[in-house]
Amino acid sequence: MKSSIVDSIKSLPPLSKTIIDINKIYANKEASIHDLAKVIEHDPMIVANLLKVANSPLYSFGREIRNVAQAVGLFGMGMTRTIALGNSVRKLLNVDMQPYGITSDKFADISSMQAAFIHKWYKQIDKEKADKLYLSAFLQETGKILIASAIIENDETISFKSEIENSNNLAMVEKAYMGVTTSEITAEVFEHWGFDTEFIEMIRFADNPKDAPDEIREYSTALNIVKTIIPVNQPLSERSINFGMKVAEDAGYQKSILESVIEELTESPIETLED
């Protein structure tokens, strides 16, 4: 890992008090959705982002969500925590995604789409696993923020962007330039912030799930499939879908379930999320 990225991770500020409180409530089995809503209401940025996501075409609640209590009630504690955490992480990191050829808003939208995809997909397989994977899918591309920053600092934006634009293996391009992939960096970031080992390891091996320990290989494989179908450079393109479906079939997943989720998401194009 390049020293600039190592230094960036070591110098990351701590997570906000709101996020720490949200994590405490989530870990407390006696806490309620009302307790979570009360904490979130004190952070206007998290409130705004939560309502934006709740009213996006990705979730299709069928009515306008106007307040935190409504949103938390519909999402549940796990998904609400994920959305709040994702927003806070992007606030802490200086997001300039120019080397990947996208805006910071588009990057946030793609992260949301990856999370929505895995939840819609995996809840038809195993609800408990779907809840675990939702947070990982939402945050698994975080390392790209630090890679983009290092690429800009090294004045390699033009060449990196050119290679990323048409690549079907972003991890390989990242490895060539930085000696490390997004998954490896993301794992280090959340290890720095003290997240649990299972969460960290399922992300760490998401670029190479065959190398993952047996107990997390399924999670890492699922994350890999999602970011293959919805990569930041060509989300839900015909080529990305074909590559992702091939990976899924090789891993033994049922093709029809994935196809139905893909069809559902392609009916809500990502551009509509930027309004």
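Residues numbered from 1 in each chain as written. Predicted model: local features only at pLDDT ≥ 70, side-chain atom pairs only at ≥ 80, totals over all residues. Heavy atoms only, no water.

(A) Quick look at the environment of Ala130. Summarising the element assignment, Ala130 is placed in helix 7 (residues 127-139). Residue class for Ala130 comes out buried when judged on its relative accessible area of 0%. Distance in space between the C-alpha atoms of Ala130 and Ala115 is 9.7 Å, their sequence separation being 15 residues. Contact partners of Ala130, with chain neighbours within four places excluded, come to His119, Tyr122 and Lys123. (Helix = DSSP H or I, 4+ residues; strand = E, 2+ residues; numbered from the N terminus. Buried < 20%, exposed > 50% of the residue type's maximum accessible area, 1.4 Å probe, protein only. Contact = heavy atoms within 4.5 Å.)

(B) Here's a closer look at unusual backbone geometry. For Asp155, which is not a glycine, the phi torsion comes out positive at approximately 60°. Examined against the element boundaries, Asp155 turns out to sit in the loop between helix 8 (143-153) and helix 9 (157-165). If you check the backbone angles, Leu236 has positive phi at about 60° while not being a glycine. Looking at where Leu236 falls in the secondary structure, it is placed in the loop between helix 13 (217-229) and helix 14 (238-250). Residue class for Leu236 comes out buried when judged on its relative accessible area of 15%.

(C) Inspection of the environment of Val95 at higher detail. Mapping Val95 onto the fold places it in the loop between helix 5 (68-92) and helix 6 (104-122). Look at Val95 and you get partly exposed, because its relative accessible area is 22%. Considering only alpha carbons, one finds Val95 and Ala148, 53 residues apart in sequence, at a separation of 8.3 Å.

(D) Layout of the pattern of salt bridges. As enumerated under the stated definition, the model contains 16 salt bridges in all. Among the salt bridges present, the one from Lys255 reaches Glu259, with a minimum N-O distance of 4.0 Å. One end of the pair, Lys255, and the other, Glu259, are both in helix 15 (residues 255-266), four residues apart, so they sit about a helical turn from each other. With a relative accessible area of 38%, Glu259 lands in the partly exposed category. Here the residues in one salt-bridge network are Glu188, Glu191, Glu201 and Arg204, joined through shared partners. (Salt bridge = Lys/Arg side-chain N within 4 Å of Asp/Glu carboxyl O.)

(E) Structural context of empty space enclosed by the protein. Enumeration according to the criterion identifies one cavity of 30 Å³ or more in this entry. Of the pockets and cavities examined, the largest cavity occupies roughly 40 Å³. Residue lining of the largest cavity: Gly86, Val89, Arg90, Phe107, Ser111, Phe138, Leu139, Gln140, Glu141, Thr142 and Ile145, and that is the complete set. With three residues, the top contributor of residues to the lining of the largest cavity is helix 5. For the lining of the largest cavity, the per-class residue count stands at five nonpolar, four polar and two charged. (1 Å grid on protein atoms, 1.4 Å probe; cavity = no way out; pocket = protein on both sides within 12 Å on 5 of 7 lines; lining within 4 Å. Points joined across faces, edges and corners; volume = space filled by probe spheres on them. Nonpolar A, V, L, I, M, F, W, Y, C, P; charged D, E, K, R; others polar.)

(F) Representation of the layout of surface pockets in the model. The calculated volume of the largest pocket comes to roughly 790 Å³. Along the walls of the largest pocket sit 32 residues, with Asn169, Asp207, Asn224, Thr228 and Val247 positioned nearest its centre. At the level of secondary structure, the elements contributing two or more residues to the lining of the largest pocket comprise helix 10 (170-178), helix 13 and helix 14. A breakdown of the residues in the lining of the largest pocket according to their chemical character gives eight nonpolar, eleven polar and 13 charged.

(G) Structural detail: the packing of aromatic side chains. One pass over the structure, following the stated rule, counts eleven aromatic pairs. A centroid spacing of 5.4 Å and a plane angle of 90° characterise the contact between Phe190 and Phe199, whose relative ring orientation is edge-to-face. Aromatic rings pair up to connect Phe117, Trp121, Tyr122 and Tyr253 into one cluster. (Phe/Tyr/Trp six-rings, centres within 6.5 Å; stacked < 30°, edge-to-face > 60°.)

(H) Examining the confidence of the model for the chain more closely. Residue-level pLDDT values for the chain average 90, and 96% of them are 70 or greater. The element-level mean pLDDT for the chain is lowest in helix 1 (residues 3-10), coming to 83, with helix 13 highest at 97. The low-confidence segment residues 270-275, where pLDDT is below 50, has 13 contacts with residues more than four positions distant or belonging to other chains. (pLDDT = per-residue confidence, 0-100.)

(I) Representation of the environment of Gln70. The residue Gln70 is located in helix 5 in this model. By relative accessible area, which is 24% here, Gln70 ends up partly exposed. As for Gln70 and Asp211, which are separated by 141 residues in sequence, their C-alpha atoms are 42 Å apart. When sequence neighbours within four positions are dropped, the list of residues in contact with Gln70 reads Arg63, Glu64 and Ile65. A distance of 2.8 Å separates a polar atom in the side chain of Gln70 from the backbone nitrogen of Arg66. (Polar contact = N/O pair within 3.5 Å; in protein donor to acceptor, adjacent residues only side chain to side chain.)

(J) The side chain of Ser88, seen in detail. Structurally, Ser88 is set in helix 5. Ser88 has contacts with Ser16, Ile19 and Ile46, leaving out every residue within four places of it along the chain.

(K) Here's a closer look at the packing of helix 6 against helix 7. The N-to-C vectors of helix 6 and helix 7 enclose an angle of 170°; their axes lie 8 Å apart at closest approach. In terms of axis orientation, helix 6 runs roughly antiparallel to helix 7. Across the interface between the two elements, Ser111, Ser112, Gln114, Ala115, Ala116, Ile118, His119 and Tyr122 of helix 6 pack against Lys127, Lys129, Ala130, Asp131, Leu133, Tyr134, Ala137 and Phe138 of helix 7. Tallied by class, the residues present in the contact of helix 6 with helix 7 amount to nine nonpolar, four polar and three charged. (Axes fitted to C-alpha atoms, helices over the stretch in contact; angles between N-to-C directions. Parallel < 35°, antiparallel > 145°, perpendicular 65-115°, else oblique.)

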